[in-house]
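Single-letter residue listing:
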Amino acid sequence: MKKVGVLALQGAFQAHIERLVSLGAAAHPIRFRSELDGIDALVMPGGESTTMSLLLGANDLVAPLSDLIGDGLPVFGTCAGMILLASDILDGRDDQIAFNALPISVRRNGYGRQLASFEADLQITGIEHEENPFRAVFIRAPKVESVGAGLEVLANVDGDPVMVRLGPVWATAFHPELTDDLRVHAAFLKSL
Ligand code: GLN
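Nothing here was measured: the structure is a model prediction, and the numbers come from that model.

Conventions used here
- Residues numbered from 1 in each chain as written.
- Predicted model: local features only at pLDDT ≥ 70, side-chain atom pairs only at ≥ 80, totals over all residues.
- Heavy atoms only, no water.
- Helix = DSSP H or I, 4+ residues; strand = E, 2+ residues; numbered from the N terminus.
- Rg over C-alpha atoms; globule rule 2.2 N^0.38 Å.
- Buried < 20%, exposed > 50% of the residue type's maximum accessible area, 1.4 Å probe, protein only.
- Contact = heavy atoms within 4.5 Å.
- Lys, Arg positive; Asp, Glu negative; His and termini not counted.
- Charge placed at Lys NZ, Arg CZ, Asp CG, Glu CD.
- Polar contact = N/O pair within 3.5 Å; in protein donor to acceptor, adjacent residues only side chain to side chain.
- Core = buried A, V, L, I, M, F, W, Y, C linked by side-chain atoms within 4.5 Å.
- 1 Å grid on protein atoms, 1.4 Å probe; cavity = no way out; pocket = protein on both sides within 12 Å on 5 of 7 lines; lining within 4 Å.
- Points joined across faces, edges and corners; volume = space filled by probe spheres on them.
- Near = heavy atom within 4 Å.
- Areas by Shrake-Rupley, 256 points an atom, 1.4 Å probe, with all protein chains shown as cover.
- Nonpolar A, V, L, I, M, F, W, Y, C, P; charged D, E, K, R; others polar.
- Phe/Tyr/Trp six-rings, centres within 6.5 Å; stacked < 30°, edge-to-face > 60°.
- Arc of directions from axis to C-beta.

Novice: Describe in detail the overall build of the protein, supporting the description with residues and values.
Specialist: A tally of regular secondary structure across the protein gives 5 helices and 12 strands. For a compact globule of 192 residues, the expected C-alpha radius of gyration is about 16 Å, and the protein comes in at 15 Å, within 12% of that figure. With the C-alpha coordinates aligned to their principal axes, the bounding extent of the protein is approximately 45 × 40 × 30 Å. Taken over 192 residues, the protein has a buried fraction of 51%. Looking at the protein alone, contacts between residues at least 24 apart form 63% of all its contacts between residues at least 6 apart. With 15 positive and 24 negative side-chain charges, the protein shows a spacing of 3 Å between the two charge centroids.

Novice: An account of the side chain of Arg 108 is requested, with residue identities and associated values reported.
Specialist: Considering the arrangement of structural elements, one finds Arg 108 in the loop between β6 (102-107) and β7 (117-122). A polar side-chain atom of Arg 108 sits 2.7 Å from a polar atom in the side chain of Glu 48. Not counting chain neighbours up to four residues away, the residues in contact with Arg 108 comprise Glu 48, Ser 49, Thr 50, Ile 83, Ile 89, Leu 90, Asp 91, Gly 92, Arg 93 and Gln 96.

Novice: Explain the nonpolar core to me, using residue names and the numbers behind them.
Specialist: With 65 residues, the main nonpolar core has Met 44, Leu 122, Ile 124, Phe 138 and Phe 174 as its most contacted residues. With 5 residues, helix α4 (residues 80-85) is the single largest residue contributor to this core. For Ile 124, the residues in contact, after removing those within four places along its chain, are His 129, Phe 134, Leu 154, Ala 155, Met 163, Phe 174 and Val 184.

Novice: An account of the layout of surface pockets is needed here, citing residue identities and associated values.
Specialist: Of the voids in this model, the largest pocket is the one considered here, and its volume is about 220 Å³. Lining the largest pocket are Thr 125, Gly 126, Ile 127, Glu 152, Leu 154, Met 163, Arg 165, Trp 170, Arg 183, Ala 186, Ala 187 and Lys 190. Of all the secondary structure elements, the ones that give two or more residues to the lining of the largest pocket are β10 (152-157), β11 (160-166) and α5 (183-190). With 4 residues, the single largest contributor to the lining of the largest pocket is α5.

Novice: Tell me about the site of the ligand, and name the residues and values.
Specialist: Taken together, Gly 46, Gly 47, Glu 48, Ser 49, Cys 79, Ala 80, Ile 83, Arg 108, Asn 109, Ile 139, Arg 140 and His 175 make up all the residues around the ligand. In this structure, a nitrogen atom belonging to the ligand sits 2.6 Å away from a side-chain N or O atom of Asn 109. Arg 140 is positioned with one of its backbone polar atoms (N or O) 3.0 Å from a nitrogen atom of the ligand. Its free accessible area being 300 Å², the ligand has 97% of it covered by the protein chains. Partitioned by chemical class, the residues of the shell around the ligand number 4 nonpolar, 5 polar and 3 charged.

Novice: Explain the packing of aromatic side chains to me, using residue names and the numbers behind them.
Specialist: Applying the stated criterion to the full structure yields 7 aromatic pairs. Ring centres of Phe 118 and Phe 138 lie 4.4 Å apart, and the angle between their planes is 5 degrees; on these two criteria the pair is classed as stacked. Here Phe 118, found in strand β7, pairs with Phe 138, found in strand β8 (residues 134-139); they are 20 residues apart in sequence, far enough to count as distant. You can call Phe 118 buried: its relative accessible area is 15%.

Novice: Would you mind going over helix α2 (residues 49-58) in detail, with residue names and values included?
Specialist: Buried residues of α2: Ser 49, Thr 50, Met 52, Ser 53 and Leu 56, and no others. For α2, the angular spread of buried residues about the axis comes to 160 degrees, placing them on one side. Looking at the packing, one finds that the buried side of α2 touches β1 (3-7), α3 (62-70) and α4. Backbone geometry just downstream of α2 places Asp 60 in the positive-phi region, at approximately 55 degrees.

Structure (structure tokens):
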């Protein structure tokens, strides 16, 4: 059984844990360094990336997480989690953390006020759709404004990447944990 840590400092971590458990993984919350021992993968949830950055610092998690990511730990970031994994953050706080695990430039809240929350039907590379697109929920989502070499874009909305992957590091601008559709989590688990 795969052991997946879910960063649980703030935000929508509980829903991730429930989705992962229902897919047969052993998922547990990560608040402290000791809880990282022995994990096969890590999920960084949605929430507020600036607050998460402060709490990561306060709980001494920045260096251990950087080391694990550098060593190739599979990581899946959603929304604020995508921002944390980016190499470049636009409209962020100067002191917010970018783990530099994905070569993307993301603009916080980049879909603007009118589109602060929206849903979209996605075709996602590598996921079986048949007649059934993935209904994705976006909440004050980051917009991927540019991507670097080697990055795979797995889904987009109006030409903007909303799901990306670089080897073991995956990210979505949307919240797959807030719907009952388990296909995105299942694809990540299958890759482990
Ligand atoms: N706008 C949030 C941020 O900057 C992300 C929103 C979300 O995770 N739903 O962190």
